[in-house]
Amino acid sequence: MATGTEPPATEPHPQRGGVRTRTRAAISAPHLRTDRWWLAPAATAAGLFAFIVYSTWRAFADEHYYAAPYVSPFYSPCLAERCEPMHGGPNWEILGGWWGLSPAIIILIFPLGFRLTCYYYRKAYYRGFWASPPACAVAEPHKKYSGETRFPLILQNLHRYFFYAALLVAGILTYDTVLAFRDEHYEWGHMGLGTLVFLVNIVLIWAYTLSCHSCRHIVGGKLKHFSKHPVRYRMWQWVGKLNARHMQLAWASLVSVGLADFYVYLVASGAFDDPRLF
């Protein structure tokens, strides 16, 4: 009995491979979307590519990352002996003098690892760079798909561990923000435009970090009775509200951390003088 989905005998079967198998409906077109579905993945790819280029340049620049009292979030904490001395700042010479590359390369592993394995960012760069899939209701061009069950994508399961590292990094950046309430002579009780930049950045960093799906699971996961855990239940609700804005917070915090670094670069290189508010 015909179901209406079998292709006519004279019509060639759609290209095999990937989702285009014999079980696919008999639609000769690759998809039926008529809108500009490609704009979203293209814009995502462009935005992520721009940040990759900028952060790579700044990570290997190894200069203009400290202008008292501001330290670039890309270089905090500074774990090598070759770091610029930052009075009261995050100079943790754990690696000693043998590290010869930019100290930013050490610390950026952790926040970048957290973002690379983030559930939202996976969707973003899978679609933007790999077209897997490029958009909803648009078949991906790959003939094989194994998901995240094989190397290297199985390493995405490290996200929950990168979350703990991200908490530590956010704590250190909070400390840097507190230090931003000093002037260039390390006197307390002052505030510049850079202080506001750091405040906005740390709020967005914490909001993005706490909106993480792993954080939501840690706070309220494995609870059979919310009524017996009222504190965790309230925390789970709060994190859930942040989680609903996870995509927006992911982009906002990515932009803010880049702007904070660029602001320090402008001040440290002498291209811009930090205006003092008081």
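Residues numbered from 1 in each chain as written. Predicted model: local features only at pLDDT ≥ 70, side-chain atom pairs only at ≥ 80, totals over all residues. Heavy atoms only, no water.

Enquirer: For this particular structure, what's the right way to read the packing of helix α1 (residues 39-61) against helix α9 (residues 246-268)?
Expert: Two packed helices can be described by the angle between their axes and the distance between those axes. At a minimum axis separation of 11 Å, α1 and α9 run at an interaxial angle of 30°. Put simply, α1 runs roughly parallel to α9. For the crossing formed where α1 meets α9, the hand is left-handed. Mapping the contact onto sequence places T44, G47, L48, F51, Y54, W57 and R58 in α1 and W251, L254, V257, G258, D261, F262 and Y265 in α9. For the contact of α1 with α9, the residue count by class is 9 nonpolar, 3 polar and 2 charged. (Axes fitted to C-alpha atoms, helices over the stretch in contact; angles between N-to-C directions. Helix = DSSP H or I, 4+ residues; strand = E, 2+ residues; numbered from the N terminus. Parallel < 35°, antiparallel > 145°, perpendicular 65-115°, else oblique. Left-handed = near helix turned anticlockwise from the far one by under 90°. Contact = heavy atoms within 4.5 Å. Nonpolar A, V, L, I, M, F, W, Y, C, P; charged D, E, K, R; others polar.)

Enquirer: Even after reading the chapter, I still don't get the UniProt feature "transmembrane region" (unreviewed entry) in the chain, so can you show me in this structure?
Expert: With numbering matched to this structure, UniProt assigns "transmembrane region" (unreviewed entry) to residues 37-57, 98-121, 161-182, 188-208 and 249-268. Annotated as residues 37-57, this span is 90% helix and 0% strand, and its ends, taken at the C-alpha atoms, are 32 Å apart. Along residues 161-182 the backbone is 86% helical and 0% strand, and the end-to-end C-alpha distance reaches 34 Å. (UniProt positions renumbered as here; feature names shortened; annotations may be inferred.)

Enquirer: Mind showing me how you'd approach the environment of C215 here?
Expert: Tracing the sequence through the fold places C215 in helix α7 (residues 213-220). Along the chain, C215 and W236 lie 21 residues apart, while their C-alpha atoms are 8.9 Å from each other. When near neighbours in sequence (up to four residues on either side) are disregarded, C215 contacts F163, T209, L210 and V239.

Enquirer: Explain the pattern of salt bridges to me, please; I cannot follow it from the model alone.
Expert: A side chain with one charge may pair with a side chain of the opposite charge, provided their charged atoms come close. A complete count under the given rule lists 6 salt bridges for this structure. Linking D274 and R276 is a salt bridge whose minimum nitrogen-to-oxygen distance equals 3.7 Å. By relative accessible area, which is 15% here, D274 ends up buried. You can call R276 partly exposed: its relative accessible area is 32%. (Salt bridge = Lys/Arg side-chain N within 4 Å of Asp/Glu carboxyl O. Buried < 20%, exposed > 50% of the residue type's maximum accessible area, 1.4 Å probe, protein only.)

Enquirer: Would you mind showing me how to read the packing of aromatic side chains here?
Expert: Aromatic rings considered in pairs are described by the distance between their centres and by the relative angle of their planes. Following the criterion strictly, the structure yields 22 aromatic pairs and no others. Judged by centre distance (6.3 Å) and plane angle (70°), the rings of Y54 and F262 are edge-to-face. Of this pair, Y54 sits in helix α1 while F262 sits in helix α9, placing them 208 residues apart in sequence. Relative accessible area serves as the criterion here: at 18%, Y54 is assigned to the buried category. Look at F262 and you get partly exposed, because its relative accessible area is 33%. Centroid distance Y70 to Y263: 6.3 Å. Interplanar angle 80°. Geometry classified as edge-to-face. (Phe/Tyr/Trp six-rings, centres within 6.5 Å; stacked < 30°, edge-to-face > 60°.)

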